[in-house]
Amino acid sequence: MSASSRPAPHDILLGVSMILATAFAISVQDVVFKLFSSQMTLWQIFTLRGCLAVPALGAIAWVMHRRADRLRSAFGLWSVLRAVFITGTFLAFYAALPFLSLSVVGAANYTAPIFVALLSACVIREPVGLLGWIGVIVGFAGVLVLLQPGSDAFSYWALLPVIGAVCYALAHIITRVKCQDVPVAGLSLAQNTVMLAAGLGVSLILVVAQPDGELAQAYPYIFGGWSAVGLSDMLIILILAGFAIALGMMLAGAYKVAPPSIVATFEYSYLVFVAVWDILLFGFVPNLATTGGMILIVVAGLLVLRGKPGS
């Protein structure tokens, strides 16, 4: 990937503000997914949410730009590739969500900022600095403390969001380098269109393949069939569609206006938000390892930020 595109503008305060708001909103969305994962399959949620979000985003993009070329840019090669990576991230994350606490899934997924910082330095040559590299190491150590690999507390389901984290990092490097001329509404439209296609595609595959009954019974959220949708279910889908519309634009916008390594640093705030939700809603109290891991991650974020030249 070359960085031959025109230089991207920098507005660090705006980027940080957007990513903090986005992290909080994503934590609320994840609570909704976890609470209702026993009622509908992941693919059903993605499909129904997409059916509402995609037309709305198309209308928003048209009203904001009223130019066919700007809308077409939403489905260019790099925009679609970015959307595929983002979709992979969310699918991996939400597939693991019914089996792990929000804090553990979030910790596994938040190896992504480490990959973002690494790719920023290696691919687009945005300097990280000595303190930044120390922060990357400390952050990785914090994630290991949270996941506790090799112990009874570790779950192989936690590997899914780690895989998603790699997709996430790649998506945001693409946003920074290749999608500066694509409006954020267009990026969100492409993202939700690909997620809708994934939901429909996997749903059709499951209808044709008809997984083993025991498999569907053990993991209905992933391998089960669609369930009947009531009025309350549609309200939840409507709320999730609203999140999808707003978050798609906010996430893309944050990475467009500020360096990825700085934006990624403040994405760690998500871990604080989900820890609070775990305590308040699910009765999961972080243990010593979880608390220690989060402290390491916060320290890592500060190191990465201070390690930026000129800071």
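Residues numbered from 1 in each chain as written. Predicted model: local features only at pLDDT ≥ 70, side-chain atom pairs only at ≥ 80, totals over all residues. Heavy atoms only, no water.

**Q** For this particular structure, what's the right way to read the packing of helix α8 (residues 159-178) against helix α12 (residues 231-257)?
**A** Each pair of packed helices can be described by the angle between their axes along with the distance between the axes. Two numbers describe how α8 lies on α12: the axes approach to 8 Å, and their chain directions differ by 60°. As judged from the angle between their axes, α8 and α12 are oblique. Judged by the sense of rotation from one axis to the other, the crossing of α8 with α12 is right-handed. Between α8, through Tyr168, His172, Thr175 and Arg176, and α12, the contact on the second element is made entirely by Leu251, Ala252, Tyr255, Lys256 and Val257. Taken together, the residues that form the contact of α8 with α12 break down as 5 nonpolar, 2 polar and 2 charged. (Axes fitted to C-alpha atoms, helices over the stretch in contact; angles between N-to-C directions. Helix = DSSP H or I, 4+ residues; strand = E, 2+ residues; numbered from the N terminus. Parallel < 35°, antiparallel > 145°, perpendicular 65-115°, else oblique. Left-handed = near helix turned anticlockwise from the far one by under 90°. Contact = heavy atoms within 4.5 Å. Nonpolar A, V, L, I, M, F, W, Y, C, P; charged D, E, K, R; others polar.)

**Q** How should the nonpolar core be read in this particular structure?
**A** Across soluble globular proteins, nonpolar side chains have a tendency to be buried as a group. Counting 65 residues, the largest nonpolar core has Phe33, Leu42, Phe46, Tyr94 and Tyr270 as the members making the most contacts within it. Of the residues forming this core, the biggest block, 9 residues, is contributed by α12. Dropping the residues within four chain positions of it, phenylalanine 33 is found in contact with Leu42, Ile45, Phe46, Arg49, Tyr94, Leu97, Tyr221 and Leu240. Formed by 11 residues, the second largest nonpolar core is a distinct cluster that contains Val54, Ala185, Leu196 and Met249. (Core = buried A, V, L, I, M, F, W, Y, C linked by side-chain atoms within 4.5 Å. Buried < 20%, exposed > 50% of the residue type's maximum accessible area, 1.4 Å probe, protein only.)

**Q** What am I meant to see in the environment of alanine 246 here?
**A** Mapped onto the secondary structure, alanine 246 falls in helix α12. In this structure alanine 246 comes out as partly exposed when scored by relative accessible area, which is 33%. Residues alanine 246 and alanine 53 lie 193 residues apart in sequence; the distance between their C-alpha atoms is 9.8 Å.

**Q** Help me out: how do you make sense of the confidence of the model for the protein in this one?
**A** One rule of thumb: low pLDDT means the predicted coordinates there are not for detailed reading. Here the protein averages 81 in pLDDT, and 90% of its residues register 70 or above. When pLDDT is averaged over each helix and strand of the protein, the minimum, 64, is found for helix α3 (residues 68-72) and the maximum, 91, for helix α4 (residues 77-96). Within the model, the stretch residues 1-7 combines pLDDT values under 50 with 14 contacts to residues more than four positions away or in other chains. (pLDDT = per-residue confidence, 0-100.)

**Q** Can you help me understand the packing of aromatic side chains in this one?
**A** For the structure on display, the rule yields 11 aromatic pairs. With a centroid separation of 6.3 Å and an interplanar angle of 40°, the aromatic rings of phenylalanine 24 and tryptophan 277 are classed as tilted. Placement of phenylalanine 24 in helix α1 (residues 12-36) and of tryptophan 277 in helix α14 (residues 269-282) is noted, with a sequence separation of 253 residues between them. Look at phenylalanine 33 and phenylalanine 46: their rings are 6.3 Å apart centre to centre, the planes differ by 75°, and that puts the pair in the edge-to-face class. In this pair, phenylalanine 33 is assigned in helix α1 and phenylalanine 46 in helix α2 (residues 42-65), connecting sequence segments 13 residues apart. Pair check on accessibility: phenylalanine 33 and phenylalanine 46 agree, each one buried. Following the ring pairs from residue to residue traces out a cluster consisting of Phe33, Phe46, Phe90, Phe93, Tyr94 and Tyr270. The residue whose ring lies beneath lysine 34 is phenylalanine 282, and the NZ or CZ to ring-centre distance is 5.7 Å. The cationic tip of arginine 49 hangs over the ring face of phenylalanine 46; the distance from NZ or CZ to the ring centre is 5.1 Å. (Phe/Tyr/Trp six-rings, centres within 6.5 Å; stacked < 30°, edge-to-face > 60°. Lys NZ or Arg CZ within 6 Å of the ring centre and 35° of its normal.)

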